[in-house]
Amino acid sequence: MYKKMWLLINGASGNNEIQKNLDATIGTLAMQTKELTITFTQEKGHTEQLCREQGHEFDIIMIMGGDGTVHEAINGLSGLDNPPVTGILPTGTCNDFSRSLLIPQNLKKAAAVVEQNHIQYVDIGKMNDRYFSNFYGIGLIAETSENIDDQLKGMLGKVSYFISALQTFNNASPFTFTLKADGKEYKDDAVMILLANGNFIGTNRLPGDQISLDDGLIDVYIIKESGAPLLKEFFNSKNPFMYDLEQSSIEYIQASEVELETEKVMKADTDGEVYEETPVHIKILPKKIPFLFGEVQQDTNN
């Protein structure tokens, strides 16, 4: 049992939705702590501010929200010397990072993860002076996020992401980049570069099985114009589209530190939020934050 638990709730959700989510989770959470504090975030950036200023006061923080709320929390917690145990109660559109943590997408089952108390330290990516948990991407992935219709997103949820992705792929434009991965330089044209820490994008599992949340490495996918059809098939697939990366037109690299420049400044998507730009220096902070997992994972370093 935890001494002090903090439940942070994305206040942008409607009152009826919040009440339903609380009904599904609050009983389970209350049984696992001596003191439960509930805070509703008020505006964009509030979750980050709260986590940075008060995160050290709690043994465990439960984040009720989507990928954007988790992204804010990560940026608040990553600056702490000893971040608290962090759990996710997924209520967003895709909830990709929670999927990497094997968190059930049913809220009642997600709350029960606190009872199991499977804790593992997870790598966090640092991009210049900001942080990400799931990914950093430029090209098609950033354009996809920018092209999502907000009204359609509210009506169709994750389907809106697939619709936007497929529409964007039909107009893929290559860009020139220079990438240095652990000192080795790559210079070429691509339609998308993805630096992944987590396993899921748009609810789909990323190709290959090498990604680990605690190996101290970032997984780099360089998709050239010839690789766009493969990526389109990946996003259009109902099942995880797994294929041999070595036999595909997608270049795959692992590194602990990456520098990325583009011929022209490009917008970047970080955990589903488009506000960063190139150039960028990215490094992995190994096992930075302890997270609750839905299942026990084997330590890749053992």
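Residues numbered from 1 in each chain as written. Predicted model: local features only at pLDDT ≥ 70, side-chain atom pairs only at ≥ 80, totals over all residues. Heavy atoms only, no water.

Digging into the overall build of the protein chain
For step 1, the next point in the chain: Broken down by element type, the protein chain carries 9 helices and 18 strands.
For step 2, the next point in the chain: When the 302 residues of the protein chain are sorted by exposure, 53% land in the buried category.
For step 3, the next point in the chain: Partitioning the intrachain contacts of the protein chain with sequence separation of at least 6 by distance along the chain shows that 76% fall at a separation of at least 24.
For step 4, the next point in the chain: A total accessible area of about 13,800 Å² is found for the protein chain, and carbon and sulfur atoms account for 44% of it. (Helix = DSSP H or I, 4+ residues; strand = E, 2+ residues; numbered from the N terminus. Buried < 20%, exposed > 50% of the residue type's maximum accessible area, 1.4 Å probe, protein only. Contact = heavy atoms within 4.5 Å. Areas by Shrake-Rupley, 256 points an atom, 1.4 Å probe, with all protein chains shown as cover.)

Brief notes about the pairing of strand β10 (residues 192-196)
For step 1, the next point in the chain: Of all the 5 residues making up β10, 5 are buried; the element is thus mostly covered by neighbouring parts of the structure.
For step 2, the next point in the chain: Judged by which residues are buried, β10 turns out to be covered on both faces: M192, L194 and A196 on one side and I193 and L195 on the other are all buried.
For step 3, the next point in the chain: By the bridge criterion, 5 bridges tie strand β7 (residues 135-139) to β10 in an arrangement that is antiparallel. Within β10, the position partnered with I138 by the bridge is I193.
For step 4, the next point in the chain: Summarising the sheet, β10 and strand β13 (residues 218-223) pair through 5 bridges and their orientation is antiparallel. Directly across from L195, in β13, lies its bridge partner V220. (Pairing = 2+ DSSP bridges.)

Description of the nonpolar core
For step 1, the next point in the chain: The biggest cluster of nonpolar side chains holds 42 residues, and the ones touching the most others in it are M62, L89, L101 and F291.
For step 2, the next point in the chain: Take this core: its biggest share by element is 6 residues, from strand β1 (residues 2-9).
For step 3, the next point in the chain: Excluding its chain neighbours within four sequence positions, the residues that come into contact with L101 are I88, V122, L213, F291, L292, F293 and G294.
For step 4, the next point in the chain: Formed by 24 residues, the second largest nonpolar core is a distinct cluster that contains A190, I253, L260 and V280. (Core = buried A, V, L, I, M, F, W, Y, C linked by side-chain atoms within 4.5 Å.)

Quick notes on the pattern of salt bridges
For step 1, the next point in the chain: Using the criterion set out here, one finds 5 salt bridges in the structure.
For step 2, the next point in the chain: For the salt bridge of E48 with R52, the shortest nitrogen-to-oxygen distance reads 2.5 Å. With a gap of 4 residues between them, E48 and R52 both fall in helix α2 (residues 46-54), about one helical turn apart.
For step 3, the next point in the chain: Assessed through its relative accessible area of 10%, E48 is described here as buried. (Salt bridge = Lys/Arg side-chain N within 4 Å of Asp/Glu carboxyl O.)

Comments concerning the environment of F40
For step 1, the next point in the chain: As for its placement among the helices and strands, F40 is situated in strand β2 (residues 33-40).
For step 2, the next point in the chain: Separated by 22 residues in sequence, F40 and I18 have C-alpha atoms that sit 9.8 Å apart.

Description of the side chain of T25
For step 1, the next point in the chain: Structurally, the position occupied by T25 is in helix α1 (residues 15-30).
For step 2, the next point in the chain: Those residues in contact with T25, other than ones at most four positions away along the chain, are M64, L89, L107 and A111.

Considerations on the packing of α1 against helix α5 (residues 107-116)
For step 1, the next point in the chain: Packing of α1 against α5 brings their axes to within 9 Å, and their N-to-C directions diverge by 15°. Relative to α5, α1 is oriented roughly parallel. In the packing of α1 onto α5, the handedness of the crossing is right-handed. Taking contact as the criterion, the partners of N21, A24, T25, T28 and L29 in α1 are, on α5, L107, K108, A111, A112, V114 and E115. (Axes fitted to C-alpha atoms, helices over the stretch in contact; angles between N-to-C directions. Parallel < 35°, antiparallel > 145°, perpendicular 65-115°, else oblique. Left-handed = near helix turned anticlockwise from the far one by under 90°.)

Re α1
Side chains three or four residues apart in an α-helix point the same way, a direct result of the helix having 3.6 residues per turn.
For step 1, the next point in the chain: In the structure, α1 departs most strongly from a straight axis at D23, where the bend amounts to approximately 35°.
For step 2, the next point in the chain: Along α1, the positions that sit buried rather than exposed are I18, N21, L22, T25, T28 and L29.
For step 3, the next point in the chain: Each element contacted by the buried residues of α1 is listed here: β1, β2, β3 (60-65), β4 (85-90) and α5. (Bend = angle between axes of the 7 residues up to and from the residue.)

Concerning the packing of α2 against helix α3 (residues 67-77)
For step 1, the next point in the chain: At their nearest, the axes of α2 and α3 sit 7 Å apart, and the two run at 30° to each other. When the axes of α2 and α3 are compared, the pair comes out roughly parallel. The interaxial crossing formed by α2 with α3 has right-handed handedness. Residue-level contacts link H46, T47, E48, C51 and R52 of α2 to T69, E72, A73, N75, G76 and L77 of α3.
For step 2, the next point in the chain: Its residues assigned to classes, the contact of α2 with α3 comprises 3 nonpolar, 5 polar and 3 charged. (Nonpolar A, V, L, I, M, F, W, Y, C, P; charged D, E, K, R; others polar.)

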